[in-house]
Amino acid sequence: MNILKKYFYPAIAFIILLTVLSYKLFYSFNFHPDFARDIYDILVILQGKLTLIGPKLSFGGIYSGPYYYYLLAPVFFLTRLDLNSLLVLNMLLFVSGTVFLYLIVSKKAGSLFALTLSLLLAYLPVYVIGARGPWNGSTYLPFLLIYLAMIFYFKPDGRKIFLVFLGFFGGMIINIHLVSAPVVLVGLIYLLLTLKRKSQMLFFLGGVLIAFIPLLLFEMKHDFVMTKNTFLVGSYKTFVENNNIPNAVSGKKNFFENLSFLSGRLSGQLGINILFYWGVSVFLFFRTKYRERFLIISSFALVFLFSAILRYQFGSHYLYPVSLFLAFSLGSVLLNSKYRWLLFVFLILEIIAFPINIYNRSERVAETYERRVNEVIRLNLIEKSESFNIIQISNDYTTYIPVGHEYRFFFRKNNFIPKTEFEYNQSETLLIFSELTDFDIEKLDNWEIKEFGRENIDNHKKYNIAGSVVHVLKKQ
């Protein structure tokens, strides 16, 4: 009976979770420009050009670390560039994070409540959405969950190698996306407060430093270009002024208004009104021990911190680590109280709030862009030897993301290597893919066309290809 409770029933529960997360996965996946950018960069790596950096972040001139790319690259290579393999890998990472949590917690709290806590994290709307497709803005979430489990459920005193690994693991998470840093820092603070020999923190910090070696090498190799661009040139101001991303949502300048604004967004990501979270946390605060009080205080502190920081520019993914920490914290507090039965209540409420829209059919599928690229190649509109570049006019984003990695990836896959998005002025041919069939390219006036030369628009040729219009411009 103990074997059934500890292994069989949890296995059934995680198989159900796997089914829920994988249902209509390929059918509903949105071929987002960020994903197209990532697979293009991974393809560049697989073709022999290694990198020390990952995707660019929206803050200043800062780039994330390369771990996200190298995490996906082996599977992408082994499956011969099968995009669906990355979706499966990402989903398995999310499931593995909750399985790890269960295995750790079950040793301390019993199988039933450990499983309930794990499923509470697994069915968070933000966790479910993140599991449905790889993205540096969310793929770190299962790693963050594992990090929190190791910090708050292990006793690392005297385990130097473990501390180095834990520090590296936390640094890697920050490298994948900077927005996770405050939650990783909370773990660091708890570790510092609870270690009997404070000097052992040096091993943890050493691990963090090791994780940042690729970015440090990049900075040293390129004369600290990220640091200079962000703080000396002042590109951080574009984030503060919220003009680096067209049509980006802005937070509220007033702290208390922004606190209310973010609380509403957090409620959506949790699937439960955050006031319920806070009410239960306050009720339990004086009925718990040191670790649980630390978790409660940290939860409040993180929400207040993000309310202060996100008064300028807001993206829903900025709150992902906070949502995960809030659920982990309250779940852990309940687990170690006499009110642990509330875990079932929270889990039921989450299931009721399950984001069923994730199963809707996607209108942006990779096959559409592959078909257009293949047709351009078949019609000999471009030669492999040509110096060419790409602009995308999207039906979904208009010129919001004009560089068109959706097309760049499939060109490169066919060994047609486009110039980079910084080299429009060095390109002899420009392909403009427009999903808006009535778009007048005479009105196109973005940076990319100016760099290529707007005067070349007069000599363009127009082709109708697979539901899009392709304009071919050549310099005279």
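Q: Help me out: how do you make sense of the environment of Glu-363 in this one?
A: Within the secondary structure layout, Glu-363 lies in the loop between helix 19 (342-352) and helix 20 (366-378). Relative accessible area serves as the criterion here: at 65%, Glu-363 is assigned to the exposed category. Once the C-alpha coordinates of Glu-363 and Lys-5 are considered, the two residues, 358 residues apart in sequence, prove to be 43 Å apart. Here Arg-361 takes part through its side chain, which lies 3.4 Å from a polar atom of the side chain of Glu-363.

Q: When you look at the packing of aromatic side chains in this model, what are you seeing that I'm missing?
A: Each aromatic ring pair is characterised by the separation of its centres together with the angle its planes make. Counted according to the given criterion, the structure contains 37 aromatic pairs. Consider the rings of Phe-14 and Tyr-102, whose centres lie 6.1 Å apart with planes at 65 degrees: the pair is edge-to-face. Of this pair, Phe-14 sits in helix 1 (residues 2-22) while Tyr-102 sits in helix 5 (residues 83-109); the two residues are 88 residues apart in sequence, bridging distant segments of the chain. A relative accessible area of 9% means that Phe-14 is categorised as buried. With relative accessibility at 3%, the residue Tyr-102 sits in the buried group. Joined through ring pairs, the aromatic side chains of Phe-29, Phe-31, Phe-35, Phe-76, Tyr-369, Phe-388, Tyr-407, Phe-409, Phe-410, Phe-411, Phe-416 and Phe-433 make up one cluster. The ring of Phe-261 carries Lys-252 above its face, with NZ or CZ at 5.5 Å from the centroid.

Q: Explanation requested: the sheet that holds strand 3 (residues 461-465) in the structure shown.
A: Pairing between the strands of a sheet comes from backbone hydrogen bonds, and it takes one of two forms, parallel or antiparallel. Pairing is mixed in the open sheet, where four strands are placed in the order 1-2-4-3. Since the sheet does not close on itself, it has two edges, and those belong to strand 1 (388-393) and strand 3, each with one partner. Along the sheet, successive strands turn relative to each other by an average axial angle of 20 degrees, direction set aside. Relative to strand 4 (residues 468-474), strand 3 runs antiparallel, the two sharing five bridges. Pairing of Asn-464 across the sheet is with Val-469, part of strand 4. Contacting strand 1 and strand 2 (429-434), helix 21 (residues 405-413) runs over the sheet at an angle of about 145 degrees to strand 1.

Q: So what exactly am I meant to see when it comes to the pairing of strand 2 here?
A: For a regular strand, the rule is simple: side chains alternate between the two faces of the sheet. In terms of burial, strand 2 is largely enclosed, as six of its six residues are buried. Residue alternation in strand 2 divides its side chains into two sets, Thr-429, Leu-431 and Phe-433 and Leu-430, Ile-432 and Ser-434, and both sets are buried. When strand 1 meets strand 2, the two strands line up parallel, connected through six bridges. Residue Gln-392 lies in a different strand from strand 2, and its bridge partner there is Phe-433. Chirality of the crossover, the property in question, places the unit of strand 1, helix 21 and strand 2 among those that are left-handed. The pairing of strand 2 with strand 4 spans six bridges and is antiparallel. Bridged to Phe-433 within strand 4 is Val-470.

Q: Explain the side chain of Glu-386 to me, please; I cannot follow it from the model alone.
A: Locating Glu-386 in the fold gives a position in the loop between helix 20 and strand 1. Polar contacts involving the side chain of Glu-386 include one to the side chain of Thr-429, which spans 2.7 Å. Residues contacting Glu-386, with those up to four places away along its chain left out, are Leu-381, Thr-429 and Lys-474.

Q: Any chance you could explain the nonpolar core here in plain terms?
A: Most often, soluble globular proteins keep nonpolar side chains buried together rather than apart. Counting residues in each nonpolar core, the largest one holds 143 residues, and the members touching the most others are Tyr-147, Phe-152, Tyr-277 and Phe-411. In this structure, Ile-401, Leu-430, Ile-449 and Phe-452 belong to the second largest nonpolar core, which totals 13 residues.

Q: I'm lost on the confidence of the model for the protein chain in this one. Help?
A: Low pLDDT marks regions whose predicted coordinates should not be analysed in detail. In the predicted model, the protein chain carries a mean pLDDT of 92, and the fraction of residues at 70 or more is 96%. Predicted confidence in the protein chain is weakest over helix 14 (residues 237-240), with a mean pLDDT of 58, and strongest over helix 4 (residues 67-78), with 98.

Q: Sorry, what's going on with helix 21 here?
A: Note: α-helices contain 3.6 residues per turn, so residues at a spacing of three or four share the same orientation. Summarising burial for helix 21: eight of the nine residues are buried, a large majority. The set of residues buried in helix 21 consists of His-405, Glu-406, Tyr-407, Arg-408, Phe-409, Phe-410, Phe-411 and Arg-412. If you follow the buried residues of helix 21, they end up packed against helix 3 (33-46), helix 4, helix 5, helix 20, strand 1 and strand 2. Positive backbone phi, at 65 degrees, marks Asn-415, one or two positions downstream of helix 21.

Q: Quick question: what am I supposed to make of the side chain of Ser-118 here?
A: Looking at the secondary structure, you find Ser-118 in helix 6 (residues 111-122). Ser-118 gets classed as buried once you look at its relative accessible area, which sits at 0%. From its side chain, Ser-118 meets the backbone oxygen of Thr-98 in a polar contact 3.4 Å long.

Q: Honestly, the packing of helix 6 against helix 19 in this entry has me stumped. Any pointers?
A: How two helices pack is summed up by the angle between their axes together with the distance between the axes. Relative to each other, helix 6 and helix 19 sit at 30 degrees, their axes nearing to 9 Å. Pair helix 6 / helix 19 crosses with left-handed handedness. Every residue of helix 19 that contacts helix 6 at Leu-112, Phe-113, Thr-116, Leu-117, Leu-119 and Leu-120 is listed here: Leu-343, Phe-344, Phe-346, Leu-347 and Glu-350. Per-class residue counts for the contact of helix 6 with helix 19 are nine nonpolar, one polar and one charged.

The rules behind the values
- Residues numbered from 1 in each chain as written.
- Predicted model: local features only at pLDDT ≥ 70, side-chain atom pairs only at ≥ 80, totals over all residues.
- Heavy atoms only, no water.
- Helix = DSSP H or I, 4+ residues; strand = E, 2+ residues; numbered from the N terminus.
- Buried < 20%, exposed > 50% of the residue type's maximum accessible area, 1.4 Å probe, protein only.
- Polar contact = N/O pair within 3.5 Å; in protein donor to acceptor, adjacent residues only side chain to side chain.
- Phe/Tyr/Trp six-rings, centres within 6.5 Å; stacked < 30°, edge-to-face > 60°.
- Lys NZ or Arg CZ within 6 Å of the ring centre and 35° of its normal.
- Pairing = 2+ DSSP bridges.
- Axes fitted to C-alpha atoms, helices over the stretch in contact; angles between N-to-C directions.
- Contact = heavy atoms within 4.5 Å.
- Right-handed = clockwise from strand over helix to strand, strands pointing away.
- Core = buried A, V, L, I, M, F, W, Y, C linked by side-chain atoms within 4.5 Å.
- pLDDT = per-residue confidence, 0-100.
- Left-handed = near helix turned anticlockwise from the far one by under 90°.
- Nonpolar A, V, L, I, M, F, W, Y, C, P; charged D, E, K, R; others polar.

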